[in-house]
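Listed below are the residues making up each chain.
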Amino acid sequence: MSLIWQADFYRRQGLDTAQVLWELLMCDSTRNFEYSATIPQSQANSTWVAAQIQLAAGNLLPDVIQVFRPQSLSLIAAAGRSLGITVEPTRHTWALKQWLQEKQYPITLDQPPPTPMPEALWGEQWRFATLSASDITEVFSDRPIPIIEMPEFLLPINLGLASTLPIPGVVIYGGRQSMRLARWLQAERPFALNYIGGTPDGLVLEAGLVDRWIIATFTDQQVKAAAQMYEQRKQQSRGLHFLLVQPDDSGMTYSGFWLLN
């Protein structure tokens, strides 16, 4: 099993001085392991980060270090490369974010306005859908789907969800663009798909660390009602939802499936 750490390296204002410090925080998903160290901003570099990783790790370096903050990524990635550690940009750093909140550090990131998805990738149509929690695992874990993302920690059973609970999602029928769309989505690293009310209403994909993509817009009141129900069901499923891309509605072939949260 891979040893995975979560890390943040960011500036903090010194409590007793006007000096700006950079603080490195590292933990595992259970927070049984936690490590922190600070350094003046003028000395903050990847060499220092690499030395702290080695100091914290002892004889057992992590296989992967997960980073959610864009401003932390380049230095931690450089440190990781020097030590042979994979650095993974991901928003799924729940333990680290909990620690930061306890320390009353901000974790909200500046996000750009959502950008329309490339027109060449638009599917033929889309719809809201639901699957029972049991179907999420039983139907998709064994299907030969070219692109599939079902992290262990997002499986319904690991979230304590009842097997009959409806899990909301969005299905995109991509037609001939189905695999191109699935590959593009995979490269963007989907995180969540949210309904945003407005004029018009829309579906916005949260991806990467701070990227946002407009997947669809609509003005129809029935679609708006379905979108509101979709968000209500997300609350009932502890945020769990899915995105499915398939060529058509035959149910015979699938291009990509993602569990999101």
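These numbers come from a predicted model, not from an experiment.

### Focus: the UniProt feature "domain: RNA-binding protein Tab2/Atab2 C-terminal" (unreviewed entry) in the protein chain
Turning to step 1, where the next piece is worked out: As annotated by UniProt and renumbered to match this structure, "domain: RNA-binding protein Tab2/Atab2 C-terminal" (unreviewed entry) occupies residues 106-260.
Turning to step 2, where the next piece is worked out: Between the end C-alpha atoms of residues 106-260 the distance is 23 Å, and the span holds 23% helix and 35% strand.

### Description of the sheet that holds strand 12 (residues 211-218)
Turning to step 1, where the next piece is worked out: Overall, mixed pairing links the four strands, which are arranged 6-12-11-10 in an open sheet. Two strands lie at the open edges of the sheet, namely strand 6 (115-116) and strand 10 (190-196), each paired on one side alone.
Turning to step 2, where the next piece is worked out: Sheet analysis places strand 11 (residues 201-207) next to strand 12, joined by seven bridges and oriented antiparallel. In the strand pairing of strand 12, G202 is matched with T217.

### Remarks on the packing of aromatic side chains
Turning to step 1, where the next piece is worked out: This model, assessed by the stated rule, comprises 13 aromatic pairs.
Turning to step 2, where the next piece is worked out: Plain terms: the ring middles of W126 and F218 are 5.8 Å apart, the flat faces sit at 45° to each other, and that makes the pair tilted. Taken together, the positions of W126 in strand 7 (residues 125-132) and F218 in strand 12 put the pair 92 residues apart, joining distant regions of the chain.
Turning to step 3, where the next piece is worked out: Taking the relative accessible area as the measure of exposure, W126 reaches 26% and is therefore partly exposed.
Turning to step 4, where the next piece is worked out: By relative accessible area, which is 7% here, F218 ends up buried.
Turning to step 5, where the next piece is worked out: Measuring from ring centre to ring centre gives 5.0 Å for F128 and Y230, while their planes differ by 40°; the resulting arrangement is tilted.

### What to know about the environment of D110
Turning to step 1, where the next piece is worked out: Position of D110 among the secondary structure elements: in the loop between helix 3 (94-102) and strand 6.
Turning to step 2, where the next piece is worked out: Take D110: its relative accessible area is 74%, and that puts it in the exposed class.
Turning to step 3, where the next piece is worked out: C-alpha separation for the pair D110 and W5, spaced 105 residues apart in sequence, amounts to 24 Å.

How each quantity is defined
- Residues numbered from 1 in each chain as written.
- Predicted model: local features only at pLDDT ≥ 70, side-chain atom pairs only at ≥ 80, totals over all residues.
- Heavy atoms only, no water.
- UniProt positions renumbered as here; feature names shortened; annotations may be inferred.
- Helix = DSSP H or I, 4+ residues; strand = E, 2+ residues; numbered from the N terminus.
- Pairing = 2+ DSSP bridges.
- Phe/Tyr/Trp six-rings, centres within 6.5 Å; stacked < 30°, edge-to-face > 60°.
- Buried < 20%, exposed > 50% of the residue type's maximum accessible area, 1.4 Å probe, protein only.

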